[in-house]
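Remarks on the overall topology
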Amino acid sequence: MLRENVNDLISFLMVAQERSFTRAAAKLNVSQSALSHAVRGLEERLAVRLLTRTTRNVAPTEAGERLADAIGPHFTAIESELLALGEMRDRPAGNIRISAGEHALDAVLWPALKPFLQRYPDIKVEIIADDSLTDIVSERFDAGIRLGEQIAKDMIAVRIGPDIRLVVAGSPDYLAKNGIPSTPQALQRHRCINMRLLTLGGIYAWEFAKDGQEIKVRVDGQVTFNSLRQRIDAASEGLGLTFVPEDAIQEEVANGRLMTVLDEWCPPLSGYYLYYPSRKQHTTAFSLLLEALRYPPPATGG
């Protein structure tokens, strides 16, 4: 009975984990119709409904929860053993899935990944760019990248980049017309370009600190983005002030399209860290990536 059901069991487990035929089909690289057919066939052979389907969501029934709890750990153990066997090959191999914000991806992760991928052609890396505070455990990521201040205490964190600074910037024309804010609170009288946090559904509150005083300011404006490059461009076009990593606007500041304000309220932050659950067992591929990203890089003998 196991032989005829094993593929369908894998299909059922993925749907139960993802709560979605669409996401499960994408992860298994099969069509939604094929996935639905596999799960329906399993239910018919077992003569029990495993999933409750509505037009909006999918959820395991009581029987489905029992089955997933019983067999899920065994399939996870099998997958781990297969990965371990794969690491006994002459060349390191494996799959790594990372959640990273747009700026972290551009400034730190991708520059380090390019030589890493060339050196280890059998290691596959999937990166999901997301500036929200994604739950890497529930979303089944191997690791995430965030500023050090944002990482939960129960995670292992490894520094992968230098200090960074978030700054307020606007075009010279905008500042000439609207004045230069002297305090963070004065931003509430300005047009500002906001950032939407997709996962959390909210607007990011701008954070400042000076002489031990910390302030969060909620600003308003004409346009909101969830992307960094468009926020920089909108500020360059005079549509308002933006709050972005300083290194991301070096070119715009150098050519005079942007200038920064409130610099004394924008202290350095601790930079980006790669973080992962403390209970995670390292694969060889993950350990190699960790060492490739570590900051500062390990000293090499001369």
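What you see as residue numbers is a count from 1 along each chain, following the sequence as written. Where local features are concerned, this predicted model is filtered to residues with pLDDT of at least 70; where side-chain atom pairs are given and counted, the filter is 80 or more; whole-chain, interface and lining totals use all residues. Only hydrogens and water are set aside when side-chain values are computed; all heavy atoms of the structure are taken into account.

Focus on the overall build of the protein
This is how it is decided: Working definition: helices are DSSP H or I runs of at least four residues, strands are E runs of at least two. Numbering for both runs from the N terminus. Relative accessibility thresholds used throughout: buried, under 20% of the residue-type maximum; exposed, over 50%; partly exposed, between the two (1.4 Å probe, protein chains only). Throughout, a residue-residue contact means that at least one pair of heavy atoms, one from each residue, lies within 4.5 Å. The method behind every accessible area is Shrake-Rupley, applied with a 1.4 Å probe, and residues are considered shielded solely by the protein chains displayed. Charged residues are defined narrowly, with Lys and Arg counted positive, Asp and Glu counted negative, and His plus the chain ends left uncounted. We put the charge of a Lys on NZ, of an Arg on CZ, of an Asp on CG and of a Glu on CD.
The helix and strand tally for the protein stands at nine helices and 15 strands. The C-alpha extent of the protein, read off along each of the three principal axes, is 75 × 60 × 35 Å. Sorting the 302 residues of the protein into buried and exposed places 42% on the buried side. Counting contacts in the protein only where the partners sit at least 6 residues apart, residues at least 24 apart contribute 71% of the total. Summed over its atoms, the accessible surface of the protein is roughly 17300 Å², and 50% of this surface lies on carbon and sulfur atoms. The centroid of the 34 positive side-chain charges in the protein is displaced by 3 Å from the centroid of its 38 negative side-chain charges.

Here we look at the environment of arginine 231
Stated formally: We define a polar contact as two N or O atoms separated by no more than 3.5 Å, with the added condition that, inside protein, one atom must be a possible hydrogen donor and the other a possible acceptor, whereas residues neighbouring each other in sequence contribute only through side-chain atom pairs.
Relative to the helices and strands, arginine 231 resides in helix α7 (residues 228-236). Here the alpha-carbon distance between arginine 231 and arginine 56, two residues 175 residues apart in the chain, equals 33 Å. With sequence-adjacent residues up to four places away left out, arginine 231 is seen in contact with Ile193, Asn194, Met195, Phe225, Thr242, Phe243 and Val244. At a separation of 3.2 Å, a polar atom in the side chain of arginine 231 contacts the main-chain carbonyl oxygen of phenylalanine 243.

Comments concerning the environment of asparagine 29
Position of asparagine 29 relative to the elements: it lies in the loop between α2 (21-28) and α3 (32-46). Asparagine 29 gets classed as exposed once you look at its relative accessible area, which sits at 70%. On a C-alpha basis, the gap between asparagine 29 and phenylalanine 225 in space is 31 Å, while along the polypeptide they are 196 residues apart.

A few points about the sheet that holds strand β4 (residues 123-129)
Inclusion rule: Strands pair, by our definition, only if DSSP identifies at least two bridges between them. Fitted lines through C-alpha atoms give the axes, limited to the stretch in contact for helices. The angle between two N-to-C directions lies from 0 to 180 degrees.
Taken in spatial order, the five strands make up an open sheet running β4-β3-β5-β15-β6, and their pairing is mixed. With partners counted over all chains shown, the strands left at the sheet margins are β4 and β6 (155-159), one partner each. If you compare each strand with its neighbour and ignore which way they point, the axes differ by 30° on average. As paired strands, strand β5 (residues 143-147) and strand β15 (residues 272-277) are joined by four bridges and run antiparallel to one another. Bridge assignment links arginine 146 to a residue of β15, and that residue is tyrosine 273. Relative to the sheet, helix α5 (residues 102-119) contacts β3 (94-100), β4, β5 and β15, its axis offset from that of β4 by approximately 170°.

Description of the layout of surface pockets
As a reminder of what qualifies: Using a grid of 1 Å spacing that covers the protein atoms alone, one calls a set of points a cavity when a 1.4 Å probe fits there but cannot get out, and a pocket when the set is open and has protein on both sides within 12 Å along at least five of seven lines; lining residues are those with an atom within 4 Å of a point. Grid points are joined across faces, edges and corners, and a volume is the space filled by probe spheres set on the points.
Approximately 990 Å³ is the volume found for the second largest pocket. Looking at the second largest pocket, it is lined by 43 residues, and the ones nearest its centre are Leu147, Gln150, Leu166, Tyr204 and Glu207. Elements with a minimum of two residues in the lining of the second largest pocket: α5, β5, β8 (194-197), β10 (206-210), β11 (213-217), α7, β13 (242-245) and β15.

Quick look at the side chain of serine 227
With respect to the helices, strands and loops of the structure, serine 227 is situated in the loop between β12 (224-225) and α7. Residue classification places serine 227 among the buried residues on the basis of a relative accessible area of 15%.

As for the sheet that holds β8
If you trace the three strands from one edge of the open sheet to the other, you get β9-β8-β12, paired in mixed fashion. The open sheet terminates on both sides in strands that have one partner only, identified here as β9 (202-203) and β12. Sheet topology note: the β8/β12 ladder contains two bridges and is parallel. Note that in β12 the partner of asparagine 194 across the bridge is threonine 224.

Comments concerning the pairing of strand β7 (residues 166-170)
Among the five residues that make up β7, five are buried, leaving the element largely enclosed by the rest of the structure. By the alternation rule, side chains of β7 split into Leu166, Val168 and Gly170 and Val167 and Ala169, which are all buried. The pairing of β7 with β13 spans four bridges and is classified as antiparallel. Following the sheet pairing, valine 168 is matched in β13 by phenylalanine 243. Where β7 and strand β14 (residues 259-261) come together, three bridges link them in antiparallel fashion. The partner of valine 168 across the bridge, within β14, is valine 261.

Some points on unusual backbone geometry
Across the junction of tyrosine 295 and proline 296, the peptide omega takes the value -5°, indicating a cis bond. Of note, proline 296 is situated in the segment after α9 (284-293). In this structure, leucine 262 is a non-glycine residue whose phi angle is positive, near 55°. Tracing the backbone shows leucine 262 in the loop between β14 and β15.

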